[in-house]
Amino acid sequence: MLIKDGARFALLHNDNSTPMLNLRVAFSDTPLGPWGSSRDAYTAKFYENPVAIQLGGEWWIYAAKTASRATALQKTRDFWTYTDAGTVRFPVGLRMAAVLEVPGSIANRLPRYQP
């Protein structure tokens, strides 16, 4: 996933090389690169498909845990330090695929999931 973070661009990506199999981030001044070296992994093994949204001064990064099919949430302000915010629950059979920001007036009318 490519995101704009202030004046720079961040590329959240899978590292599918063995034995890594985790998520990393690289930066560029333009969306077309060139990209700097990827930083050390910010997840354990078996995470994939990062999706991010900025809320306030934090980036919320959702990712699929390959083995359990759960969705993890990590938060960062600087892409150096991350806070594990736990697992996000979805109704059975559904998985996170994207994040869409909508106005509160619309979000408040949507049905709430009750696990």
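Heads up: the structure comes first, above all this text.
This is a predicted model, so every value here is computed, not measured.

Visitor: Help me understand the environment of G56 in this model?
Guide: Tracing the backbone through its elements, the reader meets G56 in the loop between β4 (47-55) and β5 (58-65). Since its relative accessible area comes to 71%, G56 is described here as exposed. In this structure, the C-alpha to C-alpha distance between G56 and W35, residues 21 residues apart in sequence, is 26 Å.

Visitor: What is the right way to look at the nonpolar core in this model?
Guide: For soluble globular proteins, the rule of thumb is that nonpolar side chains tend to be buried together. Counting residues in hydrophobic clusters, the biggest one holds 14 residues, and the most contacted among them are I3, A10, L12, V25, A52, I61 and F79. Elements represented by at least two residues in this core include exactly β2 (8-15), β3 (22-28), β4 and β5. The contacts of L12, once residues within four sequence positions are left out, are M1, I3, R24, V25, Y42, P50, A52, I61 and F79. Residues V51, I53, Y62 and M96 belong to the second largest nonpolar core, which totals 5 residues.

Visitor: Honestly, the pattern of salt bridges in this entry has me stumped. Any pointers?
Guide: Two side chains carrying opposite charge are able to pair once their charged atoms lie near each other. In this structure the tally under the stated criterion is 2 salt bridges. Salt-bridge contacts for R8 lead to D5; the nearest nitrogen and oxygen are separated by 2.9 Å. D15 is paired through a salt bridge with R24; the nearest N and O atoms lie 2.7 Å apart. Of the two residues examined, D15 and R24, each falls in the buried class.

Visitor: In this structure, what is going on with the environment of S37? I would like to understand it.
Guide: Within the fold, S37 resides in the loop between β3 and β4. S37 gets classed as exposed once you look at its relative accessible area, which sits at 69%. Taking the C-alpha atoms as reference points, S37 and L23, 14 residues apart in sequence, are found 13 Å from one another. Residue contacts for S37: discarding those within four places in its chain leaves V25 and A26.

Visitor: Would you explain unusual backbone geometry in this entry?
Guide: The step from T18 to P19 runs through a cis peptide bond, and the omega angle for that step is 10°. Of note, P19 is situated in the loop between β2 and β3. Backbone torsion omega between G33 and P34 reads 5°, so that peptide bond is classified as cis. Turning to its location among the elements, P34 is positioned in the loop between β3 and β4. The backbone of F46 shows a phi angle near 70°, a positive value even though the residue is not glycine. Structurally, F46 can be placed in the loop between β3 and β4.

Visitor: Explanation requested: the side chain of R39 in the structure shown.
Guide: Tracing the backbone shows R39 in the loop between β3 and β4. Within the buried set, R39 has no salt-bridge partner at all; the shortest N-O distance to an opposite charge, 6.6 Å, is to D78. Among all residues touching R39, those that are not within four sequence positions of it are R8, R24, V25, F27, D78, F79 and W80.

Calculation notes
- Residues numbered from 1 in each chain as written.
- Predicted model: local features only at pLDDT ≥ 70, side-chain atom pairs only at ≥ 80, totals over all residues.
- Heavy atoms only, no water.
- Helix = DSSP H or I, 4+ residues; strand = E, 2+ residues; numbered from the N terminus.
- Buried < 20%, exposed > 50% of the residue type's maximum accessible area, 1.4 Å probe, protein only.
- Core = buried A, V, L, I, M, F, W, Y, C linked by side-chain atoms within 4.5 Å.
- Contact = heavy atoms within 4.5 Å.
- Salt bridge = Lys/Arg side-chain N within 4 Å of Asp/Glu carboxyl O.
- Lys, Arg positive; Asp, Glu negative; His and termini not counted.

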